[in-house]
Amino acid sequence: MLDLEVVPERSLGNDQWEFTLGMPLAQAVAILQKHCRIIKNVQVLYSEQSPLSHDLILNLTQDGIKLMFDAFNQRLKPNFAHGLASLQIPHGATVKRMYIYSGNSLQDTKAPVMPLSCFLGNVYAESVDVLRDGTGPAGLRLRLLAAGCGPGLLADAKMRVFERSVYFGDSCQDVLSMLGSPHKVFYKSEDKMKIHSPSPHKQVPSKCNDYFFNYFTLGVDILFDANTHKVKKFVLHTNYPGHYNFNIYHRCEFKIPLAIKKENSDGQTETCTTYSKWDNIQELLGHPVEKPVVLHRSSSPNNTNPFGSTFCFGLQRMIFEVMQNNHIASVTLYGPPRPGSHLRTAELP
């Protein structure tokens, strides 16, 4: 049984770690993984068919703690503890069951904003807007959050909010100056998703390896051409439970304007978000011409993916990776390289 201290309206933890209200899911999982010899038998509970209708729960079965994460923003909300004989509360009280929450009442409380203590030097994306031109996606406009410190004391730390934009055709240096260093750089060995390429060129091998900048806390990957070192793709991740890459990326809260393919639409647009379903997107864009590419992800050739395959559909210079529950796992945006300086000085829509 864990020996824990409760800070009312804030956290549950000890000298080594702390579960704080508003903490992102990935950080809580990292704590559990680091202390797996002490915290054992952890269950991940979620709705496979309707992941937005129920909170995602980390159930510490042997310690009587349930960490509940908001289904949408995936941050720690009021958590529930029971059967904790060694739970320590200021003034010496012990309890059998309790909730930890912030606000005036348990019924009205929600997951609070992410506390400054959870930033850990990282930058997070509050929202990501896909910018379009007359032909399709042109780039991304990101509203970013960071914990900045004034000169002197740590108590002077405050939330910084700022916007950055990156475009197709931007150089590697352009992206670094806008978003900073990526968490990881990944070099591709092969391109398994060529449904956007013209048919005569699908079998042409590449002499160099393109490479990704992986921004895990933004929920975004950026692919660079190996020869020109210019941006050629953006990948936006929704981080739904039940997907092979779940918990690698933070959820990307994106908005994509879609050109409607319906009669009498007169150039109207609708917005696709992180929470849109594939059936609704197809009604707006029409059905893809080509059959979907089926992705069978696994950690090695001898392993199977317990979550099943996903299906990739190409429409309007975008690839929608669709899970079996009809939710979008990721969206890949691609387009012709273009000068970043021209777009960067243009007026944003």
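Here, the structure is the one placed above.
Here the structure is a predicted model, which means the values were calculated and not measured. Numbering of residues begins from 1 in every chain and follows the order in which that chain's sequence is written. In keeping with the predicted nature of the model, local features appear solely for residues at pLDDT of at least 70, side-chain atom pairs appear and are counted solely at 80 or more, and the whole-chain, interface and lining totals rest on all residues. Each side-chain value is derived from all of the structure's non-hydrogen atoms; neither hydrogens nor water enter the calculation.

*Asks:* Quick question: what am I supposed to make of the nonpolar core here?
*Replies:* For soluble globular proteins, nonpolar side chains are generally found buried alongside one another. Membership of the largest hydrophobic core comes to 40 residues, with the highest contact counts inside it found for Leu140, Ile222, Ile256, Phe320 and Leu333. Residues within four places of Ile222 in sequence aside, it is in contact with Val175, Leu179, Tyr211, Phe212, Phe213, Tyr215, Val231, Lys233 and Phe234. By nonpolar core we mean a set of buried residues, namely Ala, Val, Leu, Ile, Met, Phe, Trp, Tyr and Cys, connected to one another through side-chain atoms within 4.5 Å. A simple rule labels every residue: compare its accessible area, found with a 1.4 Å probe on the protein chains alone, to the largest value its type can have, and call it buried under 20%, exposed over 50%, or partly exposed in between. Leu25, Ala28, Ile39 and Leu56 belong to the second-largest nonpolar core, a separate cluster that totals 28 residues. When checking whether two residues touch, look at their non-hydrogen atoms; a contact exists if any pair is within 4.5 Å.

*Asks:* Can you walk me through the environment of Arg132 in this structure?
*Replies:* Strands here are runs of E lasting at least two residues and helices are runs of H or I lasting at least four, both read from the DSSP assignment and numbered beginning at the N terminus. Within the secondary structure, Arg132 sits in strand β9 (residues 124-132). Separated by 124 residues in sequence, Arg132 and Ile256 place their C-alpha atoms 8.6 Å apart. Each residue touching Arg132, except ones within four places of it in the same chain, is listed here: Pro137, Ala138, Pro257, Ala259, Gln316 and Met318. Within the structure, the side chain of Arg132 is placed 3.3 Å from the backbone oxygen of Pro257, a separation counted as a polar contact. Within 3.5 Å is the distance limit for a polar contact, defined as a pair of N or O atoms, with the added protein rule that one can donate a hydrogen and the other accept it, and that residues adjacent in sequence qualify only through two side-chain atoms.

*Asks:* Explain the packing of aromatic side chains to me, please; I cannot follow it from the model alone.
*Replies:* The description of an aromatic ring pair uses the distance of the two centres, along with the angle that the planes make with each other. Each aromatic pair joins two rings of Phe, Tyr and Trp (for Trp, the six-membered one) with centres within 6.5 Å, and gets the label stacked for planes under 30 degrees apart, edge-to-face for over 60, and tilted for any other angle. Within this structure, the stated rule accounts for 13 aromatic pairs. Aromatic pair Trp17 and Phe19: ring centres 4.9 Å apart, planes at 55°, arrangement tilted. According to the relative accessible area criterion, Phe19 is buried, its value standing at 1%. Measuring from centroid to centroid gives 6.1 Å for Tyr211 and Phe213, while their planes differ by 50°, and the two rings are tilted. Owing to a relative accessible area of 7%, Tyr211 belongs among the buried residues under this scheme. Put simply, the rings of Tyr187, Tyr211, Phe213, Tyr215 and Phe224 pair up and form one aromatic cluster. Sitting over a ring, as applied to charges here, requires NZ of Lys or CZ of Arg to be within 6 Å of the ring centre and within 35 degrees of the ring normal. Directly above the ring of Tyr240 sits Arg251, whose terminal nitrogen or CZ lies 4.5 Å from the centroid.

*Asks:* What exactly am I supposed to notice about unusual backbone geometry here?
*Replies:* A positive phi angle, close to 65°, is found at Glu9, a residue other than glycine. Within the chain, Gln74 stands out as a residue other than glycine whose phi angle is a positive 60°. With respect to the helices and strands, Gln74 occurs in the loop between β6 (65-69) and β7 (79-82). The exposure class assigned to Gln74 is buried, which follows from its relative accessible area of 7%.

*Asks:* Looking at this structure, I do not really get the pairing of strand β21 (residues 328-334). What am I missing?
*Replies:* Every regular strand shows the same layout, with side chains that alternate between the two sheet faces. For β21, the buried fraction is high: seven of the seven residues fall into the buried class. The turn joining strand β20 (residues 318-322) and β21, which pair antiparallel and follow one another in sequence, is formed by five residues; a positive phi near 80° is taken by Asn326. At least two bridges found by DSSP between two strands are what make those strands a pair.

*Asks:* Would you take a moment to explain the sheet that holds strand β2 (residues 11-13) for this structure?
*Replies:* For sheets, the rule is that strands pair by backbone hydrogen bonds, running either parallel or antiparallel. Across the sheet, which stays open at both edges, the three strands sit in the order β1-β2-β3 with antiparallel pairing between neighbours. A strand with exactly one partner marks an edge of an open sheet, and here the two such strands are β1 (5-7) and β3 (18-20). Recorded for the sheet is a direction-independent mean angle of 15° between the axes of neighbouring strands. Axes here refer to lines fitted to C-alpha atoms; in helices the fit is confined to the stretch in contact. Angles between the N-to-C directions go from 0 to 180 degrees.

*Asks:* How do you make sense of the sheet that holds strand β10 (residues 137-148) when you look at a structure like this?
*Replies:* Spatially, the five strands line up as an open sheet ordered β11-β10-β9-β16-β17, and their pairing is mixed. Each edge of the open sheet is held by one strand with a lone partner, namely β11 (158-167) and β17 (269-273). Each neighbouring strand pair of the sheet contributes to a mean axis angle of 20°, computed without reference to strand direction. Examined bridge by bridge, β10 and β11 share 10 bridges and lie antiparallel to one another. Opposite Leu142, over in β11, you have Arg164 as the bridge partner. Each of β10 and β11 is contacted by helix α2 (residues 172-179), which is oriented at about 160° to β11, the strand it contacts most.

Keep in mind that these numbers describe shape and distance, not what the molecule does.
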